[in-house]
Amino acid sequence: MSIRPAPPITAPIAAIARRWLAAAACLAACALPGAASAQAAAVQDPAAIAAQVEALLKDRAESYPGTATITVDPPRITNQAACSRMDTFLAGSGGLRSRTSVGVRCLAPQPWTLYVQASVQITGRYFVANRTLDRGAVISLDDLDTREGDLLRLRRVISDPAHVVGWIVTRRIRAGGPIEDSALRDPNSVQRGQQVRTVARGTGFVASGEGQALESGSPGTQIQVRTPNGQIITGTVLDAHTVQVMM
């Protein structure tokens, strides 16, 4: 039996093959831009990070008696994947500063952490002395004027009248000088060396005595007191004259 050779490819079949190959090449070429776009979309949007950082700083600034101005530096994105669950936190001690670092942590789908720098300014009013105040003076509203400034840069100044009126000056404050918390003491505080009344409370009894404060302390803080027989006890300051001892 003789074997006949395969018939040659006819022109119509060859044309169909060429059109199929051209279509396949077109599909491959068209798919490349889409793949590149998908890859670009998988990288985290820096604007979303900046918005999260600004929201955190605005929330923290609400506790200050002033108007906040916040500027977030552009986040430095390298290859951080797009994040669906993001957490922000203040770096360091956690307090606001004029120049603040905010941590941004991605929890899902791919974990990463970066830090964003921001500038914060809180413009508000604070108290200054309108005359020279000597040590031991009790401050009244008549002794005060107000100024306006950045409360984050003037960190020790006082802007709450409840923390200045009626308080006692512990060092000389010049006229026009800011009223700082380190220059005042609570009128209900106990001073080291003064005599205090001790109140001991136990189950079903209350006993009182006297002693000498070995430390200074404001209400709510614990100090040590020496009793007349030389015993050292620890108690909580209640007011300028009383220390409570728990039995």
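Per-chain numbering applies: the sequence of each chain, read as written, is numbered from 1 onward. With the structure being a predicted model, the display of local features is reserved for residues of pLDDT at least 70 and the display and counting of side-chain atom pairs for 80 or more, all residues being used for whole-chain, interface and lining totals. No hydrogens and no water enter the side-chain calculation; it runs on all heavy atoms of the structure.

Caption draft 1: Representation of the overall build of the chain within the structure. To qualify as a helix, a DSSP run of H or I must reach at least 4 residues; to qualify as a strand, a run of E must reach at least 2; elements of each kind are numbered from the N terminus. Counting its regular elements, the chain contains 2 helices and 12 strands. Secondary structure elements of the chain occur, N-terminal to C-terminal, as α-α-β-β-β-β-β-β-β-β-β-β-β-β. Computed with a 1.4 Å probe, the accessible areas rest on the Shrake-Rupley method; for each residue, only the protein chains presented here act as cover. Summed over its atoms, the accessible surface of the chain is roughly 15500 Å², and 54% of this surface lies on carbon and sulfur atoms.

Caption draft 2: Broad picture of the environment of R201. By the element assignment, R201 lies in strand β8 (residues 195–202). Considering only alpha carbons, one finds R201 and M247, 46 residues apart in sequence, at a separation of 5.9 Å. Beyond its immediate sequence surroundings of up to four residues, R201 is in contact with V206, Q244, V245, M246 and M247. Here the side chain of R201 touches Q244 through a polar contact of 3.1 Å, side chain to side chain. In this analysis, two residues are considered to be in contact whenever any of their non-hydrogen atoms come within 4.5 Å of each other. We call two N or O atoms a polar contact when they sit within 3.5 Å, provided that within protein one can donate a hydrogen and the other can accept it, with sequence-adjacent residues counted only if both atoms are side-chain atoms.

Caption draft 3: Region of interest: the packing of aromatic side chains. Note on aromatic contacts: the rings of Phe and Tyr and the six-membered ring of Trp form a pair at centre separations within 6.5 Å, being stacked when their planes are under 30 degrees apart, edge-to-face when over 60 apart, and tilted otherwise. Inspection of every chain in the model, using the stated rule, returns 1 aromatic pair. Seen in terms of ring centroids, F89 and Y115 are 6.1 Å apart; in terms of plane orientation they differ by 85 degrees. Their pairing is edge-to-face. Of this pair, F89 sits in strand β2 (residues 85–90) while Y115 sits in strand β4 (residues 112–129), and the two are 26 residues apart along the sequence.

Caption draft 4: Structural detail: the side chain of D143. Tracing the sequence through the fold places D143 in the loop between β4 and β5 (144–150). Engagement of the side chain of D143 in a polar contact is seen with the side chain of R131, the distance being 2.9 Å. Looking at D143, its side chain comes within polar contact range of the main-chain nitrogen of S140, at 3.0 Å. Once residues lying within four places of it in the same chain are set aside, the contact partners of D143 are V128, A129, N130, R131, L133 and V138.

Caption draft 5: Structural view of the nonpolar core. Within the largest apolar cluster, 23 residues are counted, with the highest numbers of intra-cluster contacts made by I49, V53, L57, L96, V104, W112 and I122. Contributing elements (two or more residues each) for this core: α2 (46–61), β3 (99–108) and β4. Sorting elements by how many residues they give to this core places β4 first, with 8 residues. For our purposes a nonpolar core is just a set of buried Ala, Val, Leu, Ile, Met, Phe, Trp, Tyr and Cys residues, chained together by side-chain atoms within 4.5 Å. The buried label goes to any residue with under 20% of its type's maximum accessible area, the exposed label to any with over 50%, and the partly exposed label to all in between, with areas taken from a 1.4 Å probe on protein chains only.

Caption draft 6: Region of the structure containing α2. By this rule, a helix spans an expected 1.5 Å times one less than how many residues it contains. The end-to-end C-alpha distance of α2, which contains 16 residues, comes to 23 Å, matching closely the 22 Å that a straight helix rising 1.5 Å per residue would cover. Where the residues of α2 are buried, they touch β1 (66–72), β2, β3 and β4. At the N-terminal boundary of α2, the capping side chain belongs to D45, with an oxygen 3.1 Å from the backbone nitrogen of A47.

Caption draft 7: Expanded view of the sheet that holds strand β9 (residues 205–213). We treat two strands as partners when DSSP finds at least two bridges between them. The 5 strands lie next to each other as β8-β9-β10-β11-β12, forming a closed barrel whose pairing is mixed. Recorded for the sheet is a direction-independent mean angle of 50 degrees between the axes of neighbouring strands. Where strand β10 (residues 222–226) lies against strand β11 (residues 232–237), 5 bridges are found, and the strand directions are antiparallel. For V225, the partnering residue across the bridge sits in β11 and is I233. A fitted line through C-alpha atoms serves as each axis, taken over the contacting stretch for helices, and the angle formed by two N-to-C directions is quoted from 0 to 180°.

Caption draft 8: Fine view of the state of the cysteines. Any two cysteine sulfur atoms lying within 2.5 Å of each other are counted as a disulfide. Applying the stated criterion to the full structure yields 1 disulfide. Between the sulfur atoms of C83 and its disulfide partner C106 the distance amounts to 2.3 Å. With the S-S bond torsion at 105 degrees, the cross-link from C83 to C106 turns out right-handed. With C83 in the loop between β1 and β2 and C106 in strand β3, this residue pair connects regions lying 23 residues apart in the sequence. In this structure, C83 and C106 share a single accessibility class: buried.

Caption draft 9: Layout of the pattern of salt bridges. A carboxyl oxygen of Asp or Glu within 4 Å of a side-chain nitrogen of Lys or Arg is what we treat as a salt bridge. Within this structure, the stated rule accounts for 8 salt bridges. E54 is the salt-bridge partner of K58, the closest N and O atoms lying 3.5 Å from each other. Taken together, the residues span about one helical turn, with K58 and E54 both in helix α2 at a distance of 4 residues. Judged by relative accessible area, which is 46%, K58 ranks as partly exposed. With a closest N to O distance of 3.9 Å, E148 and R125 form a salt bridge.

Caption draft 10: Structural detail: the side chain of D150. Relative to the assigned elements, D150 resides in strand β5. Residue D150 is classed as buried on the basis of its relative accessible area of 12%. Among the polar contacts made by the side chain of D150, one reaches the main-chain amide nitrogen of I122 at a distance of 3.2 Å.

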